[in-house]
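So you can see what is in the structure, the chains are spelled out below.
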Amino acid sequence: MALLELRGVTRRFGELVAVDDVTLGIEQGEFFTLLGPSGCGKTTLLRMVAGFDAPDGGAIFFEGRDMQGVPPESRNLHTVFQSYALFPHMSVEQNIAFALRMARLPAEAIRSRVAAALEQVRLHGLGRRYPHELSGGQRQRVAVARALINRPRLLLLDEPLAALDAKLRESMQSELIGLQREVGVTFVYVTHDQSEALALSHRIAVMNRGRVEQLGEPSAIYGFPRNRFVADFVGECNMLPAELRTVDAGQIRLEVRGVGEVVATHGEHIAAGAQGVLALRPEHVQIAKTLPGEHGANHFSGTVQALLYRGDVTVYTVALAAGARIQALLPNAGPGRTAGLEAGAQVQVGWRRDAGHFLTD
Amino acid sequence: MERRALRKWLVGGPPLAYLLFFFAAPLAIMVLASFRVPGDFGGLAPLMLEKKLNLTTEAYAALFSDFLYARLFLKSFAYAALATALCLAAGYPLALLIARSPRRYRDLLILLVILPFWSNFLIRVYAWMTILGPQSYVMRALNGVLGLVGLEPVSLLYTPAAVVVTLVYVHLPFMVLPLYANLEKHDPALLDAAQDLGAGAWQRFWRVTFPLSLPGVYAGAALVFIPAFGIFAIPDLVGGTGGIMIGNVIKQQFLDARDWPFGAALSLVLMASAIALAGLAAAFGRGARA
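Residues numbered from 1 in each chain as written. Chains lettered and ligands numbered in written order. Predicted model: local features only at pLDDT ≥ 70, side-chain atom pairs only at ≥ 80, totals over all residues.

Chemist: I'd love a proper account of the overall build of chain B, names of residues and values included.
Modeler: Tallying secondary structure elements over chain B gives 12 helices and 2 strands in all. Mapped in sequence order, the helices and strands of chain B form the string α-β-β-α-α-α-α-α-α-α-α-α-α-α. At 24 Å, chain B has a C-alpha radius of gyration far larger than the 19 Å of a compact globule built from 290 residues. Counting only C-alpha atoms and orienting by the principal axes, one finds that chain B spans roughly 80 × 75 × 35 Å. Here chain B holds 290 residues, and 30% of them are scored as buried. A separation threshold of at least 6 residues defines the contact pool for chain B, and within that pool the share at least 24 residues apart is 70%. (Helix = DSSP H or I, 4+ residues; strand = E, 2+ residues; numbered from the N terminus. Rg over C-alpha atoms; globule rule 2.2 N^0.38 Å. Buried ≥ 20, exposed ≤ 12 C-beta atoms within 10 Å, placed from the backbone. Contact = placed C-beta atoms within 7 Å.)

Written out as structure tokens, the structure reads:
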């Protein structure tokens, strides 16, 4: 049995169904992420796992035990809160020691374990400081150390990096990955930041309106989004209305509005005539004055309408001859890569047959 | 730069002038009065006598030589301290309850706390004279119960107990308001964090809520203790002869005995001890926070 199992968990607030029939299992040692926009139910779900809220329907099993009626203080799991919720009247040491003091450990054991924890999160020498004397990153580390000190089976993290600036967030991401590997504790991580989710997780559950839209490894979520919401929310995506024409072994032919005939892949059982969208990642769209290689499938000509320089890459918006607009992303590395691709230039765009996905919902 | 200085004076000037005129100046007059000689028929003897300053430390000598006054100070301190402790015991749960109620009810509940202020102070104290009097339903019920268990009936009016009860009633809002202002600002996530880390309800209160509320406790305690320490109206009305406090003696010196220097000396010592206690509490408060 998985360490944490949610079976049909549902939570309603009046008319609103905040969490809608969520079923999933999280294994020991996993770094699991609940990803979704604000209001998708991910924090509500986390609070139910922590015990601050109870489901209206379904059940939560943790360590093989039904958690119904078990208060937060009796669950063998801890939370890193979004605002860290460090106790402002306690020093860093006292904050970290809190769980051990609640567990009535002898003072000597508490001292040595707090010292080890400070070492582990690289806060050595800051034990006597108070939370208001720490930087954002240091506070975040105190919050993590405090939640890990009495070795819970599960650590819940509620957008723990949201309050940090971009640069620090990146370094804290790799620190979190390292720490999780080191302590071997299962992490359930809540975020609305898709790049964070992709970078950190073993598995991701993408949530929307209380439901899990897709559950899988980051590469599967990004590479094979199951529906429009996932494709749009995780990464950037061209979404072009399309109708399915023919289904062959392994590939399909679509009539894409404003583009023309496109060859793509599909995962589900679908029949000709189905309506949907062609989902196409901008980085899969090649762009050049004249594209080399085989002419034929998925090659179209158009005009560069706008370009957005982002430092490492440039995003081109191309108006196709048939009317649709497509975004293409080109790395800026290498001399002359982008030569002649200014606004107004006639260009060709194209993509591989397996780059586009036909999504019906 | 000059305009800014001018603006500062325009804004700060009037209150400063007000305080100089109605606080600093009277205080200086009081200090001076405490060293002067009482007049033959009350009031003060002339300041200049035969071209010499007519000043004396007799008032302070009398104050410190008679143990009676020290005992009165201690007694007043005890009443005020007890009233403060009872206000804290009654006011803390109330403030906590209001701070944890749904936001839309909080203003209404706070309004109810300060509602008694809308009636006159004396009327409220007179109401307590009725309540504590032997004919009230409260006292008859109390004595009825005492009689059932075979105890002598008690009389509360004109006793120290009546003074403390009334002090608590009158000053309770001054405890509740600063406590509420503090407790209302607490981040509920801190309690979630404490619970998450294994703290039960009791531990959450003593390790998180209470220590964080100490500034409110000190503020409330000061607002109750300082006025209660020097009060005279309440012991006058409900205290009887056994319940008098130092404030009554000060009032007597000015109005009955007409020994103004002695009254001034007593009130200055009262003020100094109140300031000393407040300073001590503040230092203690800083110590607790650091």
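Chemist: Requested: an account of the overall build of chain A, with residues and values cited.
Modeler: Along its length, chain A carries 8 helices and 20 strands. Here the C-alpha coordinates of chain A stretch approximately 75 × 50 × 35 Å along the principal axes. Buried residues in chain A amount to 41% of all 361 residues.

Chemist: Just give me the short version of the pairing of strand β2 (residues 16-26) of chain A, but keep the residues and values in it.
Modeler: Residues and elements named next belong to chain A. Here 7 bridges tie strand β1 (residues 4-13) to β2, and the two strands are oriented antiparallel to one another. Paired with leucine 6 across the bridge in β2 is leucine 24. In this structure, the hairpin formed by β1 and β2 is closed by a connection of 2 residues, where glycine 14 is found at a positive phi of approximately 65°. (Pairing = 2+ DSSP bridges.)

Chemist: I'd like a rundown of the domain arrangement of chain A, residues and numbers included.
Modeler: Residue and element names in this part refer to chain A. In terms of domain boundaries, chain A breaks down into domain 1 (4-228) and domain 2 (238-359). Computed over C-alpha atoms only, the centres of domain 1 and domain 2 are separated by 39 Å. Taken together, the 4 residues of domain 1 in the interface contact 6 residues of domain 2. In the side of domain 1 that touches domain 2, the residues fall into 2 nonpolar, 1 polar and 1 charged. (Domains from an automatic or database assignment. Nonpolar A, V, L, I, M, F, W, Y, C, P; charged D, E, K, R; others polar.)

Chemist: Help me get a handle on the sheet that holds strand β9 (residues 203-208) of chain A, residues and values and all.
Modeler: Residue and element names in this part refer to chain A. Taken in spatial order, the 6 strands make up an open sheet running β6-β7-β8-β3-β9-β10, and their pairing is mixed. Pairing within the sheet leaves two strands with one partner each, and these edge strands are β6 (77-80) and β10 (211-216). Neighbour to neighbour, the strand axes of the sheet diverge by 20° on average, direction disregarded. For strand β3 (residues 31-35) and strand β8 (residues 186-191), the ladder comprises 5 bridges, and the chain directions are parallel. Directly across from phenylalanine 32, in β8, lies its bridge partner valine 188. (Axes fitted to C-alpha atoms, helices over the stretch in contact; angles between N-to-C directions.)

Chemist: Tell me about the nonpolar core, and name the residues and values.
Modeler: Core analysis: the largest hydrophobic core is formed by 105 residues, its most contacted members being A:Val188 and A:Leu278. If we skip the residues at most four places from it in the chain, A:Leu278 touches A:Leu240, A:Ala242, A:Leu254, A:Val256, A:Val262, A:Ala264, A:Gly356 and A:Phe358. Counting 52 residues, the second largest nonpolar core, distinct from the first, contains B:Ala80, B:Leu132, B:Ala221 and B:Phe225. (Core = buried A, V, L, I, M, F, W, Y, C linked by C-beta atoms within 7 Å.)

Chemist: Provide a residue-level description of the packing of helix α7 (residues 160-183) of chain B against helix α9 (residues 201-229) of chain B, including the pertinent values.
Modeler: Residue and element names in this part refer to chain B. Contact geometry for α7 and α9: axes closest at 8 Å, N-to-C directions at 155°. Between α7 and α9, the crossing angle belongs to the class labelled roughly antiparallel. The two elements α7 and α9 cross, and the hand of that crossing is right-handed. Seen from α7, the contacting residues are Leu167, His171, Phe174, Met175, Pro178, Leu179, Ala181, Asn182 and Leu183; seen from α9, they are Ser213, Pro215, Gly216, Val217, Ala219, Gly220, Leu223, Val224, Pro227 and Ala228. Of the residues in the contact of α7 with α9, the class split is 14 nonpolar, 5 polar and no charged. (Parallel < 35°, antiparallel > 145°, perpendicular 65-115°, else oblique. Left-handed = near helix turned anticlockwise from the far one by under 90°.)

Chemist: Give me the environment of A:Ser83: which residues, what numbers.
Modeler: The topology assignment puts A:Ser83 in the loop between β6 and α2 (92-102). By the C-beta count within 10 Å, which is 16 here, A:Ser83 ends up partly exposed.

Chemist: Any details on the sheet that holds β2(A)? Residues and values, ideally.
Modeler: Residues and elements named next belong to chain A. Strand order across the open sheet formed by 4 strands is β2-β1-β4-β5, with antiparallel pairing between neighbours. Of all strands in the sheet, those with a lone pairing partner are β2 and β5 (65-66), marking the two edges. Running at roughly 120° to β1, helix α1 (residues 42-50) makes contact with β1, β2 and β4 (57-62) of the sheet.

Chemist: I'd like a description of unusual backbone geometry, backed by residues and values.
Modeler: Residue and element names in this part refer to chain A. A positive phi angle, close to 55°, is found at aspartate 21, a residue other than glycine. Topologically, aspartate 21 is positioned in strand β2. Taking the C-beta count within 10 Å as the criterion, aspartate 21 has 15 such neighbours and is therefore assigned partly exposed. Despite not being glycine, glutamate 63 shows a phi value in the positive range, around 55°. Checked against the element boundaries, glutamate 63 lands in the loop between β4 and β5.

Chemist: Account for the domain arrangement of chain B, with residues named and values stated.
Modeler: Residues and elements named next belong to chain B. By domain assignment, chain B separates into domain 1 (1-36) and domain 2 (67-289). A separation of 31 Å is found between the C-alpha centroids of domain 1 and domain 2. Counting residues at the interface gives 5 residues for domain 1 and 6 residues for domain 2. Across the side of domain 1 that touches domain 2, the residue classes tally to 3 nonpolar, 1 polar and 1 charged.

Chemist: Account for the interface of chain B and chain A, with residues named and values stated.
Modeler: Chain B puts 16 residues into the contact, and the matching count from chain A is 16 residues. Elements represented by at least two residues in the side of chain B that touches chain A include exactly α8 (188-196) and α9 of chain B. Considering every element that reaches the side of chain B that touches chain A, the biggest residue donor is α8(B), with 6 residues. Class assignment for the residues of the side of chain B that touches chain A results in 8 nonpolar, 4 polar and 4 charged.

Chemist: Please set out helix α4 (residues 136-148) of chain A residue by residue, giving values where relevant.
Modeler: Residue and element names in this part refer to chain A. For α4, spanning 13 residues, the distance from its first C-alpha to its last is 19 Å, which sits close to the expected 18 Å at 1.5 Å a residue. The buried count for α4 comes to 10 of 13 residues, which makes it a mostly enclosed element. Those residues of α4 lying buried are Arg139, Gln140, Arg141, Val142, Ala143, Val144, Ala145, Arg146, Ala147 and Leu148. In this structure, the buried residues of α4 make contact with β6, α2, α3 (107-120), β7 (154-158) and α5 (166-183). (Expected span 1.5 Å × (residues − 1).)

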